[in-house]
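Summary of structural features
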Amino acid sequence: PLAAFRRNKSADDTSAGKRISKSRREELGMEDGDDEYDLDTALNNNTDPFITKVIAGSLIVAIMALLVAGVVVPSLTDYGEGVCSPIQNGGRC
């Protein structure tokens, strides 16, 4: 009956079975004393800043192109007689 109340050391240890091997530590760039994997450090070690800048730049260009195509061009275009352009006449046709 008392055996049920004994504490299992591996049950208390949250890192039991989750140790990172030495080769994996080297791949991740972890120090020997690190107990857990630091995501911020991993991103800094494994992210190429040039790729990040290219992705951010292309997103900015895409947003600007959509603004020009969706707002600027329709507001400057004269569609001719009989065509309602709410941007040019305040929403009244």
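Residues numbered from 1 in each chain as written. Predicted model: local features only at pLDDT ≥ 70, side-chain atom pairs only at ≥ 80, totals over all residues. Heavy atoms only, no water.

From N to C terminus, the protein chain includes four helices and zero strands. Mapped from its N terminus to its C terminus, the protein chain presents α and β elements in the order α-α-α-α. Taking all 93 residues of the protein chain together, 6% fall into the buried category. Here the protein chain displays about 8400 Å² of accessible surface, and carbon together with sulfur accounts for 59% of that area. (Helix = DSSP H or I, 4+ residues; strand = E, 2+ residues; numbered from the N terminus. Buried < 20%, exposed > 50% of the residue type's maximum accessible area, 1.4 Å probe, protein only. Areas by Shrake-Rupley, 256 points an atom, 1.4 Å probe, with all protein chains shown as cover.)

The subject of this paragraph is the confidence of the model for the protein chain. Mean pLDDT over the protein chain: 76, with 77% of residues reaching 70 or higher. Per-element confidence in the protein chain is highest for helix H4 (residues 49–76), whose mean pLDDT is 92, and lowest for helix H1 (residues 9–12), whose mean pLDDT is 47. Under a pLDDT of 50 for its full length, residues 4–13 has, in the predicted model, three contacts with residues more than four places off or in other chains. (pLDDT = per-residue confidence, 0-100. Contact = heavy atoms within 4.5 Å.)

Attention now goes to a nonpolar patch on the surface. Judged by side-chain polarity, Leu 59, Ile 60, Ile 63, Met 64, Leu 67, Val 68, Val 71, Val 72, Val 73 and Leu 76 come together as a nonpolar surface patch covering roughly 940 Å² of accessible area. Within the secondary structure layout, Val 72 lies in helix H4. (Patch = residues over 30% accessible without salt bridge, like charges linked within 9 Å, V, L, I, M, F, W, Y side chains within 5 Å. Salt bridge = Lys/Arg side-chain N within 4 Å of Asp/Glu carboxyl O.)

Attention shifts here to H4. Taking 1.5 Å as the rise per residue, H4 with 28 residues should run 40 Å; its terminal C-alpha atoms sit 39 Å apart, in good agreement. Where H4 bends most, at Val 68, the angle is about 35°. (Expected span 1.5 Å × (residues − 1). Bend = angle between axes of the 7 residues up to and from the residue.)

A cluster of acidic side chains, namely Glu 26, Glu 31, Asp 32, Asp 34 and Glu 36, defines a negative patch on the protein surface. For Asp 32, the position within the fold is in the loop between helix H2 (22–28) and helix H3 (39–46). By relative accessible area, Asp 32 is classed as exposed at 69%. (Lys, Arg positive; Asp, Glu negative; His and termini not counted. Charge placed at Lys NZ, Arg CZ, Asp CG, Glu CD.)

Quick look at the environment of Leu 28 now. Among the secondary structure elements, Leu 28 is positioned in helix H2. Note on Leu 28: relative accessible area 12%, which makes it buried. Between the C-alpha atom of Leu 28 and that of Asn 45, which follows or precedes it by 17 residues, the distance is 8.2 Å.

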